[in-house]
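A closer look at the structure
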Amino acid sequence: MGTEHSKSEERRSMVFLRKGPKLPAWEDALLAGREPKSLLKRGLRYVSLSLIMKGMTSTPDFLWGLHEVQKLNLSRNRLVVIPPSLGKLDRLVVLNLGGNCLKCLPKEIGLLRNLKVLFVNMNCLKEVPAELSLCRKLEVLSLSHNCISQLPLSFTDLTSLRKLNLSNNRFVQIPLCIFALRSLDFLHLGSNKLENIAESIQYLVNLQIFIVENNNIRSLPRSLCYISTLELLNADYNAIQTLPDDLYLLRRLRRIAWNPMDKGLHIAHNPLSRPLPEVVEGGLDALFSYLRDKKEHN
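Analysis parameters
- Residues numbered from 1 in each chain as written.
- Predicted model: local features only at pLDDT ≥ 70, side-chain atom pairs only at ≥ 80, totals over all residues.
- Heavy atoms only, no water.
- Pairing = 2+ DSSP bridges.
- Helix = DSSP H or I, 4+ residues; strand = E, 2+ residues; numbered from the N terminus.
- Contact = heavy atoms within 4.5 Å.
- Salt bridge = Lys/Arg side-chain N within 4 Å of Asp/Glu carboxyl O.
- pLDDT = per-residue confidence, 0-100.
- Buried < 20%, exposed > 50% of the residue type's maximum accessible area, 1.4 Å probe, protein only.
- Patch = residues over 30% accessible without salt bridge, like charges linked within 9 Å, V, L, I, M, F, W, Y side chains within 5 Å.
- Areas by Shrake-Rupley, 256 points an atom, 1.4 Å probe, with all protein chains shown as cover.
- Lys, Arg positive; Asp, Glu negative; His and termini not counted.
- Charge placed at Lys NZ, Arg CZ, Asp CG, Glu CD.
- Disulfide = S-S within 2.5 Å.
- Phe/Tyr/Trp six-rings, centres within 6.5 Å; stacked < 30°, edge-to-face > 60°.
- Lys NZ or Arg CZ within 6 Å of the ring centre and 35° of its normal.

1. Side note on the sheet that holds strand S10 (residues 232-234)
Within a sheet, each strand pairs with its neighbour through backbone hydrogen bonds, oriented either parallel or antiparallel. Strand order in the open sheet formed by 11 strands is S1-S2-S3-S4-S5-S6-S7-S8-S9-S10-S11, with mixed pairing between adjacent strands. Two strands bound the open sheet, and with one partner strand each, they are strand S1 (41-42) and strand S11 (264-266). Pairing geometry for strand S5 (residues 117-119) and strand S6 (residues 140-142), over three bridges, is parallel. Residue pairing in the sheet places Phe119 in a bridge with Ser142 of S6.

Pasting the structure below:
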(Lines give C-alpha, C1' and ligand atoms only; values in the text may rest on other atoms or scores of the structure.)
Protein backbone atom coordinates (compact mmCIF):
# COMPACT_ATOMS: atom_id res chain seq x y z
CA MET A 1 0.00 0.00 0.00
CA GLY A 2 2.72 2.42 1.04
CA THR A 3 4.60 1.83 -2.21
CA GLU A 4 1.48 2.38 -4.34
CA HIS A 5 0.64 5.55 -2.39
CA SER A 6 4.13 6.98 -2.93
CA LYS A 7 3.99 6.20 -6.67
CA SER A 8 0.62 7.94 -6.89
CA GLU A 9 2.04 11.00 -5.16
CA GLU A 10 4.99 10.98 -7.54
CA ARG A 11 2.68 10.88 -10.57
CA ARG A 12 0.67 13.80 -9.19
CA SER A 13 3.88 15.76 -8.63
CA MET A 14 4.99 15.10 -12.20
CA VAL A 15 1.64 16.33 -13.54
CA PHE A 16 1.90 19.46 -11.38
CA LEU A 17 5.40 20.19 -12.68
CA ARG A 18 4.28 19.77 -16.26
CA LYS A 19 1.41 22.20 -15.69
CA GLY A 20 3.58 24.74 -13.87
CA PRO A 21 4.94 27.92 -15.47
CA LYS A 22 7.45 27.19 -18.21
CA LEU A 23 10.99 28.34 -17.55
CA PRO A 24 12.64 30.73 -20.02
CA ALA A 25 14.82 28.83 -22.47
CA TRP A 26 18.08 30.08 -21.01
CA GLU A 27 17.10 29.21 -17.41
CA ASP A 28 15.95 25.80 -18.55
CA ALA A 29 19.28 25.22 -20.30
CA LEU A 30 21.34 26.21 -17.27
CA LEU A 31 19.28 24.13 -14.84
CA ALA A 32 19.80 21.16 -17.14
CA GLY A 33 23.54 21.71 -16.78
CA ARG A 34 24.03 22.74 -20.37
CA GLU A 35 26.85 24.99 -21.46
CA PRO A 36 25.53 28.61 -22.00
CA LYS A 37 27.22 28.61 -25.43
CA SER A 38 24.66 26.02 -26.51
CA LEU A 39 22.13 28.89 -26.62
CA LEU A 40 24.01 30.52 -29.47
CA LYS A 41 22.73 30.10 -33.01
CA ARG A 42 25.28 30.03 -35.79
CA GLY A 43 23.79 31.46 -38.97
CA LEU A 44 25.34 32.22 -42.32
CA ARG A 45 26.34 35.73 -41.27
CA TYR A 46 26.23 36.03 -37.50
CA VAL A 47 26.50 34.09 -34.28
CA SER A 48 23.30 35.21 -32.57
CA LEU A 49 21.50 35.02 -29.25
CA SER A 50 17.87 35.98 -28.70
CA LEU A 51 16.40 36.52 -25.23
CA ILE A 52 13.32 38.39 -26.42
CA MET A 53 10.24 38.52 -24.18
CA LYS A 54 11.71 36.56 -21.28
CA GLY A 55 10.32 38.87 -18.59
CA MET A 56 13.84 39.73 -17.46
CA THR A 57 14.35 42.62 -15.06
CA SER A 58 18.12 42.19 -15.15
CA THR A 59 20.58 40.54 -17.51
CA PRO A 60 21.91 37.05 -16.65
CA ASP A 61 25.57 37.06 -15.65
CA PHE A 62 26.52 34.27 -18.07
CA LEU A 63 25.69 36.59 -20.98
CA TRP A 64 28.87 38.64 -20.63
CA GLY A 65 31.03 35.56 -21.09
CA LEU A 66 29.62 34.79 -24.53
CA HIS A 67 32.34 36.66 -26.40
CA GLU A 68 31.45 35.00 -29.71
CA VAL A 69 28.01 36.58 -29.99
CA GLN A 70 27.65 39.05 -32.87
CA LYS A 71 23.89 39.60 -32.86
CA LEU A 72 22.13 40.05 -29.51
CA ASN A 73 18.40 40.62 -29.01
CA LEU A 74 17.27 41.60 -25.51
CA SER A 75 14.15 43.44 -26.65
CA ARG A 76 10.71 43.48 -25.02
CA ASN A 77 11.80 42.63 -21.50
CA ARG A 78 11.71 44.77 -18.35
CA LEU A 79 15.38 45.67 -18.14
CA VAL A 80 16.11 48.78 -16.08
CA VAL A 81 19.86 48.86 -16.56
CA ILE A 82 22.52 47.40 -18.85
CA PRO A 83 25.75 46.81 -16.87
CA PRO A 84 29.23 47.99 -17.94
CA SER A 85 29.97 44.35 -18.78
CA LEU A 86 28.27 45.02 -22.14
CA GLY A 87 31.66 46.30 -23.30
CA LYS A 88 33.04 42.75 -23.14
CA LEU A 89 30.94 41.71 -26.14
CA ASP A 90 33.25 43.51 -28.55
CA ARG A 91 32.27 41.35 -31.53
CA LEU A 92 28.69 42.63 -31.51
CA VAL A 93 27.44 43.82 -34.89
CA VAL A 94 23.71 44.05 -34.08
CA LEU A 95 22.26 44.96 -30.66
CA ASN A 96 18.54 45.25 -29.94
CA LEU A 97 17.55 46.73 -26.57
CA GLY A 98 14.15 48.01 -27.69
CA GLY A 99 11.03 47.81 -25.54
CA ASN A 100 12.61 47.87 -22.09
CA CYS A 101 12.72 50.38 -19.20
CA LEU A 102 16.25 51.71 -19.67
CA LYS A 103 16.97 55.20 -18.35
CA CYS A 104 20.55 55.29 -19.57
CA LEU A 105 23.16 53.35 -21.52
CA PRO A 106 26.57 52.46 -20.07
CA LYS A 107 29.50 54.47 -21.40
CA GLU A 108 31.15 51.11 -22.13
CA ILE A 109 28.91 50.86 -25.18
CA GLY A 110 31.72 52.78 -26.86
CA LEU A 111 33.84 49.62 -26.67
CA LEU A 112 31.61 47.93 -29.24
CA ARG A 113 33.79 49.01 -32.15
CA ASN A 114 32.18 46.51 -34.58
CA LEU A 115 28.62 47.62 -33.90
CA LYS A 116 26.65 48.44 -37.06
CA VAL A 117 23.01 48.33 -35.89
CA LEU A 118 21.63 49.56 -32.56
CA PHE A 119 17.98 49.67 -31.47
CA VAL A 120 17.17 51.37 -28.16
CA ASN A 121 13.66 52.44 -29.13
CA MET A 122 10.75 52.41 -26.66
CA ASN A 123 12.72 52.98 -23.47
CA CYS A 124 13.03 55.83 -20.96
CA LEU A 125 16.28 57.45 -22.12
CA LYS A 126 16.75 61.15 -21.41
CA GLU A 127 20.24 61.33 -22.86
CA VAL A 128 22.70 59.35 -24.96
CA PRO A 129 26.30 58.75 -23.82
CA ALA A 130 28.94 60.62 -25.81
CA GLU A 131 30.91 57.36 -25.92
CA LEU A 132 28.45 55.96 -28.46
CA SER A 133 30.27 58.11 -31.02
CA LEU A 134 33.23 55.72 -30.66
CA CYS A 135 31.20 53.11 -32.54
CA ARG A 136 32.47 54.45 -35.86
CA LYS A 137 31.01 51.54 -37.88
CA LEU A 138 27.45 52.30 -36.75
CA GLU A 139 25.10 52.46 -39.75
CA VAL A 140 21.61 52.17 -38.24
CA LEU A 141 20.48 53.81 -34.99
CA SER A 142 16.95 53.93 -33.58
CA LEU A 143 16.31 56.02 -30.46
CA SER A 144 12.60 56.53 -31.11
CA HIS A 145 10.00 56.67 -28.33
CA ASN A 146 12.25 57.97 -25.55
CA CYS A 147 12.55 61.29 -23.69
CA ILE A 148 15.63 62.67 -25.46
CA SER A 149 15.92 66.41 -26.15
CA GLN A 150 19.55 66.70 -27.33
CA LEU A 151 22.47 64.69 -28.68
CA PRO A 152 26.17 64.97 -27.80
CA LEU A 153 28.28 66.98 -30.25
CA SER A 154 30.58 63.98 -30.57
CA PHE A 155 27.90 62.38 -32.77
CA THR A 156 29.61 64.17 -35.66
CA ASP A 157 32.08 61.25 -35.58
CA LEU A 158 29.41 58.76 -36.66
CA THR A 159 30.33 59.26 -40.30
CA SER A 160 29.06 55.81 -41.38
CA LEU A 161 25.54 56.40 -40.04
CA ARG A 162 22.94 55.98 -42.81
CA LYS A 163 19.64 55.60 -40.94
CA LEU A 164 18.65 57.59 -37.85
CA ASN A 165 15.27 57.41 -36.11
CA LEU A 166 14.67 60.07 -33.44
CA SER A 167 10.88 60.12 -33.65
CA ASN A 168 8.65 60.46 -30.60
CA ASN A 169 11.16 62.30 -28.42
CA ARG A 170 11.42 65.87 -27.10
CA PHE A 171 13.57 67.69 -29.64
CA VAL A 172 12.73 71.39 -30.04
CA GLN A 173 15.29 71.78 -32.83
CA ILE A 174 17.32 69.44 -34.98
CA PRO A 175 20.65 68.82 -33.18
CA LEU A 176 23.54 70.54 -34.97
CA CYS A 177 25.61 67.36 -34.98
CA ILE A 178 23.12 65.74 -37.37
CA PHE A 179 24.05 68.13 -40.18
CA ALA A 180 27.56 66.65 -40.18
CA LEU A 181 26.27 63.13 -40.91
CA ARG A 182 26.70 63.32 -44.67
CA SER A 183 26.01 59.59 -45.20
CA LEU A 184 22.46 59.80 -43.87
CA ASP A 185 19.84 58.61 -46.33
CA PHE A 186 17.01 58.22 -43.76
CA LEU A 187 16.13 60.72 -41.02
CA HIS A 188 12.95 60.43 -38.93
CA LEU A 189 12.14 63.29 -36.55
CA GLY A 190 8.38 62.87 -36.48
CA SER A 191 6.35 63.51 -33.30
CA ASN A 192 8.79 65.87 -31.58
CA LYS A 193 8.45 69.57 -30.79
CA LEU A 194 10.29 71.04 -33.76
CA GLU A 195 9.34 74.59 -34.74
CA ASN A 196 11.68 74.95 -37.70
CA ILE A 197 14.19 73.21 -39.93
CA ALA A 198 17.59 74.91 -40.12
CA GLU A 199 18.98 75.91 -43.51
CA SER A 200 21.88 73.57 -42.71
CA ILE A 201 19.66 70.68 -43.74
CA GLN A 202 21.14 71.11 -47.23
CA TYR A 203 24.38 69.49 -46.05
CA LEU A 204 22.64 66.10 -45.89
CA VAL A 205 23.34 65.58 -49.57
CA ASN A 206 22.44 61.87 -49.61
CA LEU A 207 19.12 62.14 -47.80
CA GLN A 208 16.36 60.14 -49.49
CA ILE A 209 13.72 59.92 -46.76
CA PHE A 210 13.03 62.86 -44.45
CA ILE A 211 10.13 62.64 -42.00
CA VAL A 212 9.11 65.56 -39.77
CA GLU A 213 5.40 64.87 -39.43
CA ASN A 214 3.48 65.86 -36.32
CA ASN A 215 5.61 68.79 -35.16
CA ASN A 216 5.07 72.56 -34.95
CA ILE A 217 6.99 73.51 -38.09
CA ARG A 218 5.73 76.74 -39.70
CA SER A 219 7.69 76.69 -42.94
CA LEU A 220 10.09 74.59 -45.00
CA PRO A 221 13.53 76.13 -45.63
CA ARG A 222 14.55 76.98 -49.16
CA SER A 223 17.78 74.98 -48.74
CA LEU A 224 15.73 71.79 -48.40
CA CYS A 225 14.95 72.14 -52.11
CA TYR A 226 18.60 71.55 -53.01
CA ILE A 227 18.69 67.97 -51.68
CA SER A 228 18.19 66.41 -55.08
CA THR A 229 18.19 62.86 -53.66
CA LEU A 230 14.93 63.31 -51.69
CA GLU A 231 12.29 60.72 -52.60
CA LEU A 232 10.04 61.07 -49.55
CA LEU A 233 9.36 64.30 -47.68
CA ASN A 234 6.74 63.93 -44.97
CA ALA A 235 5.66 67.19 -43.33
CA ASP A 236 2.08 66.17 -42.51
CA TYR A 237 0.43 67.55 -39.36
CA ASN A 238 2.44 70.74 -38.90
CA ALA A 239 1.70 74.50 -39.00
CA ILE A 240 2.96 75.14 -42.55
CA GLN A 241 1.24 77.97 -44.42
CA THR A 242 3.48 78.49 -47.44
CA LEU A 243 5.85 76.38 -49.52
CA PRO A 244 9.27 77.44 -50.88
CA ASP A 245 9.16 78.46 -54.55
CA ASP A 246 12.10 76.18 -55.37
CA LEU A 247 10.30 73.05 -54.18
CA TYR A 248 9.92 72.00 -57.83
CA LEU A 249 13.67 71.28 -57.88
CA LEU A 250 12.97 68.09 -55.90
CA ARG A 251 12.44 66.04 -59.04
CA ARG A 252 12.58 62.67 -57.30
CA LEU A 253 9.33 63.45 -55.47
CA ARG A 254 6.94 61.66 -57.81
CA ARG A 255 3.57 62.60 -56.37
CA ILE A 256 1.50 64.14 -53.61
CA ALA A 257 1.35 61.21 -51.21
CA TRP A 258 -1.49 60.43 -48.85
CA ASN A 259 -0.53 56.98 -47.62
CA PRO A 260 2.23 57.25 -44.94
CA MET A 261 4.12 54.39 -46.59
CA ASP A 262 4.22 56.01 -50.05
CA LYS A 263 7.13 57.97 -51.39
CA GLY A 264 6.49 61.53 -52.51
CA LEU A 265 5.48 64.81 -50.87
CA HIS A 266 3.32 64.55 -47.75
CA ILE A 267 1.84 67.95 -46.91
CA ALA A 268 -1.64 67.09 -45.58
CA HIS A 269 -3.15 68.54 -42.41
CA ASN A 270 -1.36 71.89 -42.62
CA PRO A 271 -3.02 75.36 -42.69
CA LEU A 272 -1.79 76.08 -46.23
CA SER A 273 -2.70 79.56 -47.44
CA ARG A 274 -4.86 79.87 -50.56
CA PRO A 275 -4.65 78.88 -53.33
CA LEU A 276 -2.26 76.12 -52.21
CA PRO A 277 -4.93 73.69 -50.91
CA GLU A 278 -6.67 73.67 -54.29
CA VAL A 279 -3.36 73.45 -56.19
CA VAL A 280 -2.22 70.49 -54.08
CA GLU A 281 -5.48 68.72 -54.88
CA GLY A 282 -4.43 68.86 -58.54
CA GLY A 283 -1.32 66.78 -57.87
CA LEU A 284 2.40 67.34 -57.77
CA ASP A 285 2.77 68.52 -61.38
CA ALA A 286 0.17 71.22 -60.78
CA LEU A 287 1.90 72.29 -57.57
CA PHE A 288 5.35 72.46 -59.15
CA SER A 289 4.00 74.38 -62.12
CA TYR A 290 2.32 76.86 -59.79
CA LEU A 291 5.50 77.38 -57.74
CA ARG A 292 7.65 77.75 -60.87
CA ASP A 293 5.30 80.39 -62.32
CA LYS A 294 5.15 82.17 -59.00
CA LYS A 295 8.94 82.38 -58.83
CA GLU A 296 9.22 83.71 -62.40
CA HIS A 297 6.74 86.49 -61.71
CA ASN A 298 8.35 87.60 -58.45
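2. A look at the side chain of His266
The topology assignment puts His266 in strand S11. Sequence-distant contacts of His266, that is, excluding residues within four places in its chain, are made with Leu232, Leu233, Asn234, Ala235, Asp236, Ala257, Asn259 and Pro260.

3. Considerations on the pattern of salt bridges
Using the criterion set out here, one finds 12 salt bridges in the structure. Residue Asp157 is joined to Arg136 by a salt bridge in which the shortest nitrogen-to-oxygen separation is 3.7 Å. Within this pair, whereas Asp157 is found in the loop between S6 and strand S7 (163-165), its partner Arg136 is found in the loop between S5 and S6, the two being separated by 21 residues in sequence. One salt bridge in this structure joins Lys295 and Asp246, with 2.6 Å as the shortest N-O distance.

4. Description of the confidence of the model for the protein
On average, residues of the protein score 91 in pLDDT, and 90% of them are at 70 or above. Long-range and interchain partners of residues 9-20, a stretch whose pLDDT sits below 50, account for zero contacts in this model, where long-range means more than four residues apart.

5. Considerations on the pairing of strand S2 (residues 47-50)
With burial as the criterion, only one face of S2 is covered, namely that bearing Val47 and Leu49; the residues Ser48 and Ser50 on the opposite face remain uncovered. Linking S1 back to S2 in an antiparallel pair, the connection comprises four residues. For S2 and strand S3 (residues 71-73), the ladder comprises three bridges, and the chain directions are parallel. Pairing of Ser48 across the sheet is with Lys71, part of S3.

6. Notes on a positive patch on the surface
On the surface, a cluster of positive charge is made up of Arg45, Lys71, Lys116 and Lys137. You can call Arg45 exposed: its relative accessible area is 67%.

7. Side note on the state of the cysteines
Per the stated rule, a full pass over the model turns up zero disulfides. With no disulfide of its own, Cys124 has Cys101 as its nearest cysteine by sulfur position, at a separation of 5.6 Å. Classification of Cys124 by relative accessible area gives partly exposed; the value is 34%.

8. As for the packing of aromatic side chains
The final tally for this structure, using the stated rule, is zero aromatic pairs. Here the guanidinium or amino end of Arg292 rests over the ring plane of Tyr248, the centre of that ring lying 4.8 Å away.

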